[in-house]
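Each chain is listed here by its residues.
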Number of protein chains: 4
Amino acid sequence: MFIDFNGKQIYAESHGQGTTIVLLSGLMMSVKSWRPFIPALSENNRLILLDFLDQGKSSRMCEPYDIALQVDAVKRVLDHLGITQAVLAGISYGASVCMQFALKYPEYVNRLALFNCVAYISPWIKDLGAGWTAARVSPEAYYHMTTPFFYSPGFYNRNLDWISARKDFLIENYFGDADFLDSIDRMTNSTNGHDVRERLCEIQVKTLIAGGRDDLLTPLAEQKYISERIPNASMVTIEDCGHATMYEKPECFLTLLTGFANCQEIKLQ
Amino acid sequence: MFIDFNGKQIYAESHGQGTTIVLLSGLMMSVKSWRPFIPALSENNRLILLDFLDQGKSSRMCEPYDIALQVDAVKRVLDHLGITQAVLAGISYGASVCMQFALKYPEYVNRLALFNCVAYISPWIKDLGAGWTAARVSPEAYYHMTTPFFYSPGFYNRNLDWISARKDFLIENYFGDADFLDSIDRMTNSTNGHDVRERLCEIQVKTLIAGGRDDLLTPLAEQKYISERIPNASMVTIEDCGHATMYEKPECFLTLLTGFANCQEIKLQ
Amino acid sequence: MFIDFNGKQIYAESHGQGTTIVLLSGLMMSVKSWRPFIPALSENNRLILLDFLDQGKSSRMCEPYDIALQVDAVKRVLDHLGITQAVLAGISYGASVCMQFALKYPEYVNRLALFNCVAYISPWIKDLGAGWTAARVSPEAYYHMTTPFFYSPGFYNRNLDWISARKDFLIENYFGDADFLDSIDRMTNSTNGHDVRERLCEIQVKTLIAGGRDDLLTPLAEQKYISERIPNASMVTIEDCGHATMYEKPECFLTLLTGFANCQEIKLQ
Amino acid sequence: MFIDFNGKQIYAESHGQGTTIVLLSGLMMSVKSWRPFIPALSENNRLILLDFLDQGKSSRMCEPYDIALQVDAVKRVLDHLGITQAVLAGISYGASVCMQFALKYPEYVNRLALFNCVAYISPWIKDLGAGWTAARVSPEAYYHMTTPFFYSPGFYNRNLDWISARKDFLIENYFGDADFLDSIDRMTNSTNGHDVRERLCEIQVKTLIAGGRDDLLTPLAEQKYISERIPNASMVTIEDCGHATMYEKPECFLTLLTGFANCQEIKLQ
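Residues numbered from 1 in each chain as written. Chains lettered and ligands numbered in written order. Predicted model: local features only at pLDDT ≥ 70, side-chain atom pairs only at ≥ 80, totals over all residues. Heavy atoms only, no water.

Next up on the list: the packing of aromatic side chains. Tallying each qualifying case throughout the model produces 78 aromatic pairs over all chains. Aromatic pair F52(B) and Y93(B): ring centres 5.4 Å apart, planes at 70°, arrangement edge-to-face. Placement of F52(B) in the loop between strand 4 (45–50) and helix 2 (68–80) and of Y93(B) in helix 3 (residues 93–104) is noted, with a sequence separation of 41 residues between them. In this structure an aromatic cluster arises from ring pairing among Y151(A), F155(A), Y156(A), W162(A) and Y247(A). Above the face of the Y105(B) ring, K75(B) is positioned so that its terminal group lies 5.2 Å from the ring centre. (Phe/Tyr/Trp six-rings, centres within 6.5 Å; stacked < 30°, edge-to-face > 60°. Helix = DSSP H or I, 4+ residues; strand = E, 2+ residues; numbered from the N terminus. Lys NZ or Arg CZ within 6 Å of the ring centre and 35° of its normal.)

The next subject is the interface of chain B and chain C. The partner chain C presents 23 residues to the 23 residues of chain B that form the contact. Note on chain B versus chain C: buried area summed over both sides is about 2,200 Å², and carbon and sulfur give 74% of it. Summed over the three residues of chain B that lose the most area to chain C, namely W124(B), H144(B) and F149(B), the buried surface amounts to 28% of that side. Between the two partners, chain B and chain C, sit zero salt bridges. Between the two partners, chain B and chain C, sit ten residue pairs in polar contact (both at pLDDT 80 or more). Counting only elements with at least two residues in the side of chain B that touches chain C, the list comes to helix 4 (123–134), helix 5 (139–146) and helix 6 (153–158) of chain B. The element that contributes the greatest number of residues to the side of chain B that touches chain C is helix 4 of chain B, accounting for seven residues. The residue inventory of the side of chain B that touches chain C, partitioned by class, reads 18 nonpolar, four polar and one charged. (Contact = heavy atoms within 4.5 Å. Buried area = accessible area lost by both parts, 1.4 Å probe. Salt bridge = Lys/Arg side-chain N within 4 Å of Asp/Glu carboxyl O. Polar contact = N/O pair within 3.5 Å; in protein donor to acceptor, adjacent residues only side chain to side chain. Nonpolar A, V, L, I, M, F, W, Y, C, P; charged D, E, K, R; others polar.)

Once that is clear, we can look at unusual backbone geometry. Look at D240(A): it is not a glycine, yet its phi comes out positive at around 60°. With respect to the helices and strands, the residue D240(A) is situated in the loop between strand 8 (233–238) and helix 10 (245–248).

What follows concerns the pairing of strand 7 (residues 206–212) of chain D. All names here are of chain D. Burial analysis of strand 7 places seven of its seven residues in the buried class, which makes it a mostly covered element. Burial along strand 7 is two-sided: K206, L208, A210 and G212 and T207, I209 and G211, pointing in opposite directions, are all buried. One ladder, built from five bridges, connects strand 6 (residues 109–115) with strand 7; its direction is parallel. Bridged to F115 within strand 7 is A210. Pairing between strand 7 and strand 8 (residues 233–238): six bridges, direction parallel. Counterpart to I209 in the pairing with strand 8 is M235. Each parallel crossover has a hand, and for strand 7 linked through helix 9 (residues 220–227) to strand 8 it is right-handed. (Buried < 20%, exposed > 50% of the residue type's maximum accessible area, 1.4 Å probe, protein only. Pairing = 2+ DSSP bridges. Right-handed = clockwise from strand over helix to strand, strands pointing away.)

Our next topic: the relation of the copies chain D and chain C. For the match of chain D to chain C, the screw axis carries a shift of 0.0 Å, the RMSD comes to 0.0 Å, and the turn is 180°. Such values leave the two copies arranged in the relation of a two-fold axis. Closest to the rotation axis within chain D is the C-alpha of G259(D), separated from it by 1.8 Å. When the interface residues of chain D are mapped onto chain C, 100% of them are again interface residues, pointing to one common binding face. (Least-squares fit on C-alpha atoms with pLDDT ≥ 70 in both.)

With twelve residues, helix 4 (residues 123–134) of chain D ought to run about 16 Å at 1.5 Å a step, and its terminal C-alpha atoms sit 16 Å apart, in line with that. Structurally, helix 4 of chain D contributes buried residues whose contacts are with helix 5 (139–146), helix 6 (153–158) and helix 7 (160–173) of chain A together with helix 5 (139–146) and helix 8 (178–190) of chain D. (Expected span 1.5 Å × (residues − 1).)

On to the interface of chain D and chain C. Accessible area lost upon the coming together of the parts serves often as the stated size of an interface. Listed by partner, the interface residues are 35 residues for chain D and 36 residues for chain C. For the pair chain D and chain C, the summed buried surface comes to about 3,200 Å²; carbon and sulfur atoms form 60% of the total. Our count for the contact surface shared by chain D and chain C stands at four salt bridges. We note a salt bridge from E239(C) to K224(D), for which the minimum N-O separation is 3.8 Å. Viewed at the interface, chain C and chain D are joined by 13 residue pairs in polar contact (both at pLDDT 80 or more). Listing elements by their share of the side of chain D that touches chain C, those giving two or more residues are helix 1 (38–42), strand 8, helix 10 (245–248) and helix 11 (250–262) of chain D. For the side of chain D that touches chain C, the leading source of residues is helix 11 of chain D, giving ten residues. Grouping the constituent residues of the side of chain D that touches chain C by class yields 19 nonpolar, nine polar and seven charged.

All chains considered together, the criterion is met by zero disulfides over all chains. C241(A) takes part in no disulfide bond, and the closest cysteine sulfur to it belongs to C252(A), at a distance of 7.2 Å. (Disulfide = S-S within 2.5 Å.)

A word on the pattern of salt bridges. Enumeration over the complete set of coordinates arrives at 64 salt bridges over all chains. The residue D240(A) makes a salt bridge to R158(A) at a minimum N-O spacing of 3.2 Å. Within this pair, whereas D240(A) is found in the loop between strand 8 and helix 10, its partner R158(A) is found in helix 6, the two being separated by 82 residues in sequence. Residues E202(C) and R199(C) are paired through a salt bridge, measuring 3.0 Å at the closest nitrogen-oxygen approach. Counted as one network, the salt bridges with shared partners bring together R111(A), K206(A), E265(A) and E251(B).

Further remarks concern the packing of helix 2 (residues 68–81) of chain A against helix 3 (residues 93–104) of chain A. In a packed pair of helices, the relevant descriptors are the angle between the two axes and the axis-to-axis distance. Residue and element names in this part refer to chain A. Orientation of helix 2 relative to helix 3, taken along the N-to-C sense of each, is 75°, at an axis distance of 9 Å. It follows that helix 2 is roughly perpendicular to helix 3 by the angle criterion. Contact residues: helix 2 offers A68, Q70, V71, D72, V74, K75 and L78, while helix 3 offers Y93, V97, Q100, F101 and K104. Of the residues contributing to the contact of helix 2 with helix 3, the split by class is seven nonpolar, two polar and three charged. (Axes fitted to C-alpha atoms, helices over the stretch in contact; angles between N-to-C directions. Parallel < 35°, antiparallel > 145°, perpendicular 65-115°, else oblique.)

The next thing to look at is the pairing of strand 8 of chain D. The buried fraction of strand 8 of chain D is high, at six of six residues. Going residue by residue along strand 8 of chain D, you find A233(D), M235(D) and T237(D) tucked away on one face and S234(D), V236(D) and I238(D) tucked away on the opposite face as well. Examined bridge by bridge, strand 8 (residues 233–238) of chain C and strand 8 of chain D share three bridges and lie antiparallel to one another. From the neighbouring strand, I238(C) faces strand 8 of chain D, where its bridge partner is V236(D).

For helix 5 of chain A, a buried count of six out of eight residues is recorded, marking the element as mostly surrounded by other parts of the structure. For helix 5 of chain A, the complete set of buried residues consists of A141(A), Y142(A), Y143(A), H144(A), M145(A) and T146(A). Buried residues in helix 5 of chain A make contact with helix 4 (123–134), helix 6, helix 7 and helix 8 (178–190) of chain A together with helix 4 and helix 5 of chain D.

What follows is about the environment of L200(D). Residue and element names in this part refer to chain D. Topologically, L200 is positioned in the loop between helix 8 and strand 7. Sequence-wise, L200 and C241 are 41 residues apart; in three dimensions their C-alpha atoms are separated by 25 Å. The residues touching L200, leaving out its near neighbours within four places in the chain, are M99, A119, Y225, I226, R229, I230 and P231.

To continue, consider the environment of F101(B). Residue and element names in this part refer to chain B. With respect to the helices and strands, F101 occurs in helix 3. Residues F101 and P153, 52 residues apart in the sequence, show an inter-C-alpha distance of 33 Å. If we skip the residues at most four places from it in the chain, F101 touches V71, V74, K75, L78, L88, P106, Y108 and V109.

For chain A, the average pLDDT comes to 96, and 100% of its residues sit at 70 or higher. Our summary of model confidence lists the complex with pTM equal to 0.95 and ipTM equal to 0.95. (pLDDT = per-residue confidence, 0-100.)

Within the fold, S234(A) resides in strand 8. Relative accessible area serves as the criterion here: at 10%, S234(A) is assigned to the buried category. Not counting chain neighbours up to four residues away, the residues in contact with S234(A) comprise T207(A), L208(A), I209(A), K249(B) and C252(B).

Between helix 11 (residues 250–262) of chain A and helix 11 (residues 250–262) of chain B, the least distance of the axes is 7 Å, while the angle of their chain directions is 110°. As summarised for this structure, helix 11 of chain A and helix 11 of chain B are arranged roughly perpendicular, according to the angle between their axes. Classified by chirality, the crossing of helix 11 of chain B by helix 11 of chain A is right-handed. Packed against helix 11 of chain A, whose contacting residues are T255(A), L256(A), T258(A), G259(A) and F260(A), the element helix 11 of chain B presents T255(B), L256(B), T258(B), G259(B) and F260(B) at the interface. Of the residues in the contact of helix 11 of chain A with helix 11 of chain B, the class split is four nonpolar, six polar and no charged. (Left-handed = near helix turned anticlockwise from the far one by under 90°.)

What follows is the structure in structure tokens.
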């Protein structure tokens, strides 16, 4: 379905019934990326997927904006669907939106699941982002600048056929498409001001933080930092896994997300 | 309920309905230890708990035995209950039984969840076990020899009231009880021959291995070893967590066990 | 040589010439423990070894004391030998003395090398110490309560002959000797007030912190804590190594200590 | 000095006296990169530095070649200088040459120090290398594609002035210079066949392997792999350090290299 948000269209899908999981994508993903996960994620839950502004089927933007706009887009979707409480989950860019959402609209969030996330956009990540823009000279350059870093070296080396097919697909369909690359640029730039480091202590909701041992873009130290500051957080490290957790370790991703979203409260001490 | 096993009584409980989870305890635990977890674990699943021989309400043994006997005791319980397939889960001693069960009766196991486990009883662990026997001189000595190593230093230092109450409870109720300590000795010795290192490659079922970053009894290196040899295994490390995962990080324990037991198969590559 | 310290005798040795390294032992060690290391450590350096009060050939104490007394004993040795500046190095108990020394007598210290150390004696470690006292019922119990935790499981399992010989030696010569065990008790208790956490930021001198990946007594998290608070500190983790670094990885120990003691200053940024 | 090698000129320097250290550079480095380290490294040692073919002041190549050629270039330098035994040390590309040298000319090597190295050039690294070539479209693109990955995010973010000056320097002097970039391409391609995985077990010499916790180009798992296969190897992990160890942690680099090169043999077990 499409939902109007200040004259822009936000594409969203709702699948299944049960405790609501809102699952937010990373850059270069979209609702489509989750297609193989929908049966598992909607079996016992209502699953909300959406394309951010500048992503998938949602409207393209013309000007720079801040990631806070995506936070309000998510809220618009929830309000439109009459959802007042949900487990909020996200990966990478989507996890940044999650943290900002949990700070701005805490009453909507009953649990928070953050995969491969950072609390702020450091100069180092900014320079990687600038490299992505610089790599727009050719689809191949763009591939080489971006994609190898999404995976752990181990996964990449063990799945060369899959990687190769994906490379061809990305180069043919996306990395030569100026509109797509413009939208990635805008989304990337929208995070320039992302910095919730000082406010992590305000997040009161039960939080799960999942990192990949071999994540090259949002290294474990970042997740450790976050988990030490959100009062009610636990952290697990997925071994032998890079940045794109749901592709490298789909069972772990599903185990963690569905297990966390659905398990009862327990208090021992 | 009590189930006859070659003239011994095995105590078992069945809770709830759904995909069956058989959850096996560690040393110094029993069905009672899981009491606070039962609502969460049986909400969407049939949960089978049992006391091993020499544990909880099950019969005490008079002579030494091998851990393989516990494997057959578990099988007896499943057969009695008409369970032909289950998610097999265990922690520490219980995880050793799980691995041996999965090798001997693979047709009963559709998934395997191993918490804080080792593939073999090394001389080092044997010497710890010998220390436990040597510490039987006083309940206090026994406490000091065993309990501090069950927890991560961080958890221990942060939960001194809980630890202190537990110390009093254990010293008063268990660590001065010769029958209890005899049964622990026998269970400990039953693992002396536990060594599945060469057979890990035969375990075909989807396996989740969970370790604690600060586990002092079954250190992470052991779990890494196992996860690299079981073909269909994923491993997660629970940060800031010692050996007694279910007490230190109950939400992570529940997230991983219920998530893994219930999530659908997915195949991306 | 023996040096008078308030009526007590401190045993000390000086070997070689060059930049002075003062190397302080852990509990259950003494000057004798370093015998095989002396040629390597004194080849290009003046090496000062000493037995703490209640250790090796130094005087036994009759009453409880604080570890601060050992700090002053070290200072007495340096003054007696006319040493006004040295590289201060220590392992475990010796590293605690090093940190306190560097805070009390900073003018004596030009570099600080801390192996397997903690910034404070937590309740967890205190309870281990209480276990040591409780284990005095028999030399075997004492062995089992203490020694297996000094090593990484990997080292222990790979060096069973050496471990076995050491076990016999310790049980025969030390662990049945009430005087020895009394002195260990007093030294252990002398650390009860050790807590330099809030003062780590005052240590200005260049500091090397070395931890063992598999250290079960002073886990890595402790060293990480220290290295993040001493302004001029670097930290290295020795892989596949437990608490007794100099026995498990003697080459790494020598590499780090001599390299750090002797390498010139360098400033790139 | 320049040394003839099959009609090509190899530039080499010799500094100081003592046990010889041959120190081999990584890609994008040269003898000049070590300038600030020479006093410390030659104080007690004879330090040999050299520019590989296609590096620094050595001859440029016209055609593709294998890294084995660099191995023979190093041997030529040693023979010319009459060096029959040395501590062989290298970082990244230089460490690859070290390993191949130690396998081909073991009689020349008495110790081996490997910083930030890999045992083989995996498809993943090859794809990074292809990205470097693709990034030649502009000096800025080349910078973004390469340099941020040489450092840990932590170091990068803490040293923005230094990084910024380095960026300007590299862009102005190197990353727009086609000759320089051609030589980097050739050196990169020379490693395509580098694979010593099956032969690591043949390296008999005492070996030190040093990795950076946050190394994004040659991740720790690679060094772990190597350290588990060279029989006489120890491994240390430098905390809070990326790929360019000598820039990020110069004291650790010097400590490890000089300590390892100069410390006496010791045998405890």
